[in-house]
Amino acid sequence: MPEGHVIHRLARRLDADFAGRDLAVSSPQGRFAADAAALDGHRIVAAEAVGKHLFIVFDDAVGPRHIVYIHLGLIGSLRFEPAVDIVGEIRLRLVAGDMAAHLRGPQFCRRIDAAEYHAIRARTGEDPLRDDAHPAALWPRIQRTSRTVAALLMDQKLFAGVGNIYRAEVLFRQGLSPFLAGRDLSRAQFDALWADLVFLMHVGVERGRIDTVRDAHLPHVMGREPRQDDHGGEVYVYRRAGQSCYVCGATVKTQVLQGRNLFWCPGCQA
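Residues numbered from 1 in each chain as written. Predicted model: local features only at pLDDT ≥ 70, side-chain atom pairs only at ≥ 80, totals over all residues. Heavy atoms only, no water.

- Going by the annotation in an unreviewed UniProt entry, the name recorded for the chain is DNA-(apurinic or apyrimidinic site) lyase, with Corynebacterium uterequi given as the source organism.
- Quoted verbatim from the Sequence similarities (unreviewed entry) field of UniProt, the annotation for the chain is "Belongs to the FPG family." (UniProt positions renumbered as here; feature names shortened; annotations may be inferred.)

Right, dumping it as structure tokens:
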């Protein structure tokens, strides 16, 4: 499932290349056809990312249901392609000039009104990539729970946009055991964890991939081969089970936690 930096990049691209232009809107697959017809010929006012939620706001002339809500889920994608190309099952197609945005396989794609938008926002946690994030509001909830910090980081009602890679990597960088209970996390540790998430996820937005390795541990500095993985980017522990930690040399471990593979270094994160 795409992590939050991907959704923010998509919102940026929609704002830059599609907002303010008369759009041809369609649903070649047919499952969004009626709503696409209502939006056809209208303009995007803004695209907004909140955690893993993407909102595309159209002009009010569309009617009260003028927001397209998208959640990519596990297999969804939004790709920017030449307008002449229609390949695969496209749920939503936005065309501006010679460029098209093609939505395929989302978990959700529906028109919503302002009330539904605010309801989704209300149940979504704090997004490290948003300037209006309020991490101080999270602290009391973290402080009183026995849930592990690894589980808390994956809770989208707490840390919006944080996924499995950022979860593993930020815990490693902060030297925190993934099995530490939230109530045992100090305020200083929480603040450092949040600040590192903000830093790492902004790097992800700018580079279009997740890079978490500090300069001292980059391939050319350590004399090692660059990472070869579908996700790209240099990481410390994610998908490195059985390999040696770049910092302490211990063997990286993995186990399933709440249905997702957790990765950590038993040496650095005792």
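What follows continues from the structure just given.
1. A few points about the sheet that holds strand β5 (residues 77-82)
And then number 1: On the basis of which strands lie adjacent, the open sheet formed by four strands has the order β1-β6-β7-β5 and antiparallel pairing. Each edge of the open sheet is held by one strand with a lone partner, namely β1 (24-26) and β5. Averaged over all pairs of adjacent strands, the angle between their axes in this sheet comes to 15 degrees, without regard to strand direction.
And then number 2: Sheet analysis places strand β6 (residues 92-96) next to strand β7 (residues 99-104), joined by five bridges and oriented antiparallel. In the sheet register, A96 faces β7, and the bridge partner there is M99.
And then number 3: Strands in contact with helix α1 (residues 4-17) are β5, β6 and β7; relative to β5, the strand with the most contacts, it is inclined by about 35 degrees. (Pairing = 2+ DSSP bridges. Helix = DSSP H or I, 4+ residues; strand = E, 2+ residues; numbered from the N terminus. Axes fitted to C-alpha atoms, helices over the stretch in contact; angles between N-to-C directions. Contact = heavy atoms within 4.5 Å.)

2. Notes on the nonpolar core
And then number 1: Of all hydrophobic cores here, the largest spans 40 residues; its most connected members are I142, L153, F159, L171 and V237.
And then number 2: Broken down by element, this core gets its largest block of residues, seven residues, from helix α7 (residues 187-207).
And then number 3: Residues within four places of F159 in sequence aside, it is in contact with E126, L138, I142, L152, L153, F190, W194 and L197.
And then number 4: Within the second largest apolar cluster, 28 residues are counted, among which are L23, I70, A96 and C109. (Core = buried A, V, L, I, M, F, W, Y, C linked by side-chain atoms within 4.5 Å. Buried < 20%, exposed > 50% of the residue type's maximum accessible area, 1.4 Å probe, protein only.)

3. Some points on the sheet that holds strand β4 (residues 67-71)
And then number 1: If you walk across this open sheet you meet the four strands as β2-β3-β4-β8, and the pairing is antiparallel. At either end of the open sheet lies a strand with only one pairing partner, and these are β2 (44-50) and β8 (108-112). This sheet shows a mean twist of 15 degrees between the axes of neighbouring strands, independent of strand direction.
And then number 2: Here strand β3 (residues 53-58) pairs with β4 via four bridges, running antiparallel. Residue pairing in the sheet places I56 in a bridge with V68 of β4.
And then number 3: The strands touched by α1 are β2 and β3; relative to β2, the strand with the most contacts, the crossing angle is about 170 degrees.

4. Examining the packing of aromatic side chains
And then number 1: What the rule picks out here adds up to 10 aromatic pairs.
And then number 2: Between F18 and F80, the aromatic rings sit 5.9 Å apart at their centres with planes inclined by 40 degrees, giving tilted as the arrangement. Pair noted here: F18 is in the loop between α1 and β1 and F80 is in strand β5, with a separation of 62 residues, a long-range link. With respect to class, F18 is no different from F80; both count as buried.
And then number 3: Relative to F263, the ring of Y238 lies with its centre 5.4 Å away and its plane at 70 degrees, an arrangement referred to as edge-to-face. (Phe/Tyr/Trp six-rings, centres within 6.5 Å; stacked < 30°, edge-to-face > 60°.)

5. Remarks on the domain arrangement of the chain
And then number 1: Segmenting the chain into domains produces domain 1 (4-123) and domain 2 (135-264).
And then number 2: When each unit is reduced to the centre of its C-alpha atoms, the spacing between domain 1 and domain 2 is 30 Å.
And then number 3: Contacts between the two partners involve eight residues from domain 1, matched on the other side by 15 residues from domain 2.
And then number 4: When domain 1 packs against domain 2, the two sides together hide about 850 Å² of surface, and 59% of this comes from carbon and sulfur.
And then number 5: Applying the counting criterion to the domain 1 and domain 2 interface returns one salt bridge.
And then number 6: With its nearest N and O atoms 3.1 Å apart, the salt bridge here joins E206 to R12.
And then number 7: Where domain 1 touches domain 2, the interface holds four residue pairs in polar contact (both at pLDDT 80 or more).
And then number 8: Within the side of domain 1 that touches domain 2, the residues separate by chemical class into no nonpolar, four polar and four charged. (Domains from an automatic or database assignment. Buried area = accessible area lost by both parts, 1.4 Å probe. Salt bridge = Lys/Arg side-chain N within 4 Å of Asp/Glu carboxyl O. Polar contact = N/O pair within 3.5 Å; in protein donor to acceptor, adjacent residues only side chain to side chain. Nonpolar A, V, L, I, M, F, W, Y, C, P; charged D, E, K, R; others polar.)

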